[in-house]
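# Chain and residue survey
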Protein chains: 2
Amino acid sequence: MSSVASNTVVVLSHHVPYGRITASDFEVKSTGTPSEANLKDHEIIVTPHYVSVDPYMRGRIVGASDSYVPPFGEGKAIDGYGVAKVVASKSAKFAANDVVVGAGIPFVKYSVLNVGPGSHLEHLLQKAQGPLADVPVEWHVGNIGMPSFTAWYGLKEIGKPKKGETIVVSAASGAVGQVVVQLSKLLGLRVVAAAGSDEKVQYLKDTLKADVAFNYKKASSYADALSQACPKGIDIYFDNVGGEFLDAVLEKANTFARIIACGAISQYQVEKGQAYGIQNYSRVIARQLTIQGFIISDYYLSHYAQFVKEISNYVKKGQFTYKLDVTQGLENAPQALVGVLEGKNFGKAVVKVD
Amino acid sequence: MSSVASNTVVVLSHHVPYGRITASDFEVKSTGTPSEANLKDHEIIVTPHYVSVDPYMRGRIVGASDSYVPPFGEGKAIDGYGVAKVVASKSAKFAANDVVVGAGIPFVKYSVLNVGPGSHLEHLLQKAQGPLADVPVEWHVGNIGMPSFTAWYGLKEIGKPKKGETIVVSAASGAVGQVVVQLSKLLGLRVVAAAGSDEKVQYLKDTLKADVAFNYKKASSYADALSQACPKGIDIYFDNVGGEFLDAVLEKANTFARIIACGAISQYQVEKGQAYGIQNYSRVIARQLTIQGFIISDYYLSHYAQFVKEISNYVKKGQFTYKLDVTQGLENAPQALVGVLEGKNFGKAVVKVD
């Protein structure tokens, strides 16, 4: 591997504080590949198998300094969750051909990463070892990827589901939602799934076995659709969308209902000052609701191993499936991200690099 | 006692779904007093010492059937928390001259109550016995009254305070707020108190020893006032007001902050469709916040005894005080309630009946 112009780098051209992003906010550059000979101590060269394209990345494009993940730099490569191969290493932690997984993987065909003590990647990137050593690489952006873990953690730890309860899941065929639907069924819940196309609704009913699924874009009102779908009210809401749909759920939530505040994709691309104002907040008091937000990256150490064990077991028994929406080629990553933010993906959006 | 026209009954004339109530929405009637001779089994005659006048009562005036407390009947006497004396009894549970405390005490000078098995009062009214037998009657609408218990429960069980954290309390000199401020100081928190008059602010600083207190009506913006008052951000918010102030708190809340959703008095009297829309909901996710509502009546059996023990102990040591705003005479109860909803009370609003 020498420094010839055969590398691909996905760069954010500029921050976009409000409104919709487009592919033209990015630049896909061809550059030279890094040279193994130039590697310093604690550095590795990686090439991704898959990178994960997720709604939270919109927050990193905003550019505000107080986000919970650091903003992408302007004119710099973007990065995210993914699974990559180590091409060369001067780190004691990794060897050539190791599979590494985690956050902080650049959307770059070949990149040099410092993984030494004190580096920002020190705890973000892990070698796929132990029970993770033998799983197919796409599992790391699929069955046991970050959004799947998000679903499992949120449902179990915040949702505290009890058999027979009614759960509502928004963006239900998406990266997180499809896992919530399946786990909820396995736990004996009545599952009401909302999605944004008839095709997704069909999938939710036929394949994921949601008890009720509806196309929220065709609902005359969210409140009516929820009333019809939830004759016994709502006990758990796994919220991926925020905004008006959340407001309607608040109206229909039962006493002691739990709201898992996972995402608010309906609000990520609004224009300045156009955030939807939640009207039914008073229900939080009257119905003794709990609304809890969480950032999954905080729970890898404490919960990830248990998650992998449970999901692997479900997969083995044929009780769990995970639908990927695969975009081929890093150069198409910007369009894939734009699509995710507009709900165009069907299943979990990933980019296959090699 | 005979059936002569010397009774006083505070009646709600009609439901008021939206907007401000006034004293003219009530009627104070003079009627005959009940006769002991006509008492049936399980009935008692009570006369209140004090009745508690509280913001949640606005919800019972709305008239909607899905409130968490049943609506007041139109043309019927209103009722609430209070402390009363048993005048006559045909119940095995109570004897003449017993002091009874709890919810469901009519705003009526002399009233007949069925306290038998299956009656709605069966679990609402309790005899003041054990550690409650010897406390001054006004404690039951004060030190150990419902709002004080609300403050204690919400702060401890939902707020989960840790020494050194910053708590913000709204309506801080009110029935609930004044207790939150004092308990928070006793628990080693940094207390930032907001109230609606300079006199209240002075009291919060001088008597209740809040670290910072400010008049929110004079703040140029709530966000600026909170930034100034909370250089280390906000770890706990005890919310009695909801609306715009809550929205500003969301903006300044630290990671893992807890929001105790106790009340939303700023929203109880808005006109139809004018509920304030919460804009900063996305912070719930980004900051991993927990917002939890609760209705204190559900926690008497499980927690009230412990609460009384702790508060009594603080009072004994001179570490706890409770300011009552006493209105004399049941006939003035409507105006007292109107005042509470407009923030005119200074301390906990109660009506002294005898």
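Look a little higher up for the structure.
My aim in this report is to walk through the structure given alongside it, one point at a time. Numbers given for residues are sequential positions, taken from 1 along each chain in its written order. Chain letters and ligand numbers both follow the written order, the letters beginning at A and the numbers at 1. At least 70 in pLDDT is required for a residue's local features to be given in this predicted model, at least 80 for side-chain atom pairs to be given and counted, and no such filter applies to totals for whole chains, interfaces and linings, which use all residues. Side-chain metrics rest on all non-hydrogen atoms present in the structure, leaving aside hydrogens and water.

## Quick word on the interface of chain B and chain A
If you look at the interface, chain B gives 32 residues, while chain A gives 32 residues. A simple way to read buried area is as the amount of 1.4 Å-probe accessible surface that goes missing from two parts once joined, with both sides added. With both chains or domains summed, chain B and chain A bury close to 2,500 Å², and 52% of this area falls on carbon and sulfur atoms. Three residues, B:Tyr281, B:Ile285 and B:Gln288, lead the burial of chain B against chain A; their summed loss comes to 25% of the area buried on that side. A pairing counts as a salt bridge when a side-chain nitrogen of Lys or Arg comes within 4 Å of a carboxyl oxygen of Asp or Glu. Along the contact surface separating chain B from chain A lie zero salt bridges. We define a polar contact as two N or O atoms separated by no more than 3.5 Å, with the added condition that, inside protein, one atom must be a possible hydrogen donor and the other a possible acceptor, whereas residues neighbouring each other in sequence contribute only through side-chain atom pairs. Our count for the contact surface shared by chain B and chain A stands at 10 residue pairs in polar contact (both at pLDDT 80 or more). If you list the elements that add at least two residues to the side of chain B that touches chain A, you get β13 (253–261), α7 (282–286) and β14 (290–293) of chain B. Here, strands pair whenever DSSP counts at least two bridges between them. By the criteria applied, helices consist of DSSP H or I runs no shorter than four residues and strands consist of E runs no shorter than two, each listed in order from the N terminus. Pairing of strand β14 (residues 290–293) of chain A with β14(B), which is carried by three bridges, proceeds in the antiparallel orientation. What sits directly across from A:Gln292, in β14(B), is B:Thr290. Every residue pair with non-hydrogen atoms within 4.5 Å of one another is taken to be in contact.

## Points about the packing of aromatic side chains
Working definition: rings of Phe, Tyr and Trp (its six-membered ring) pair if their centres are within 6.5 Å, and the pair is stacked with planes under 30 degrees apart, edge-to-face with planes over 60 apart, and tilted otherwise. This structure, assessed with the given rule, holds 32 aromatic pairs over all chains. Arranged with centres 5.1 Å apart and planes meeting at 85 degrees, the rings of B:Phe149 and B:Tyr304 form a pair that is edge-to-face. In this pair, B:Phe149 sits in helix α2 (residues 146–158) while B:Tyr304 sits in helix α8 (residues 300–316), placing the two residues 155 residues apart along the sequence. This pair shows no difference in class: B:Phe149 is buried, exactly as B:Tyr304 is. Considering the side-chain rings of B:Tyr153 and B:Phe294, the 5.6 Å spacing of their centres and the 35 degrees angle between planes classify their relative orientation as tilted. With B:Tyr153 in helix α2 and B:Phe294 in the loop between β14 and α8, the pair connects residues that are 141 residues apart, well separated along the chain. Grouped by ring-pair contacts, the aromatic residues A:Tyr56, A:Tyr81, A:Phe149, A:Trp152, A:Tyr300, A:Tyr304 and A:Phe307 constitute a single cluster. Counted as over-ring charges are cases with an Arg CZ or a Lys NZ within 6 Å of the ring centre that also lie within 35 degrees of the ring normal. In this structure, A:Lys323 packs its charged tip against the face of A:Tyr203, placed 5.3 Å from the ring centre. Only protein chains enter the area calculation, which uses a 1.4 Å probe; residues under 20% of their type maximum are buried, those over 50% are exposed, and those in between are partly exposed.

## Topic: the pattern of salt bridges
Residues and elements named next belong to chain A. Here the structure, examined in full by the defined rule, presents 21 salt bridges over all chains. The shortest N-O distance in the salt bridge between Arg-60 and Asp-79 comes to 3.0 Å. Pair noted here: Arg-60 is in helix α1 (residues 57–62) and Asp-79 is in strand β5 (residues 79–89), with a separation of 19 residues, a long-range link. Residue Arg-60 shares its accessibility class with Asp-79, and that shared class is buried.

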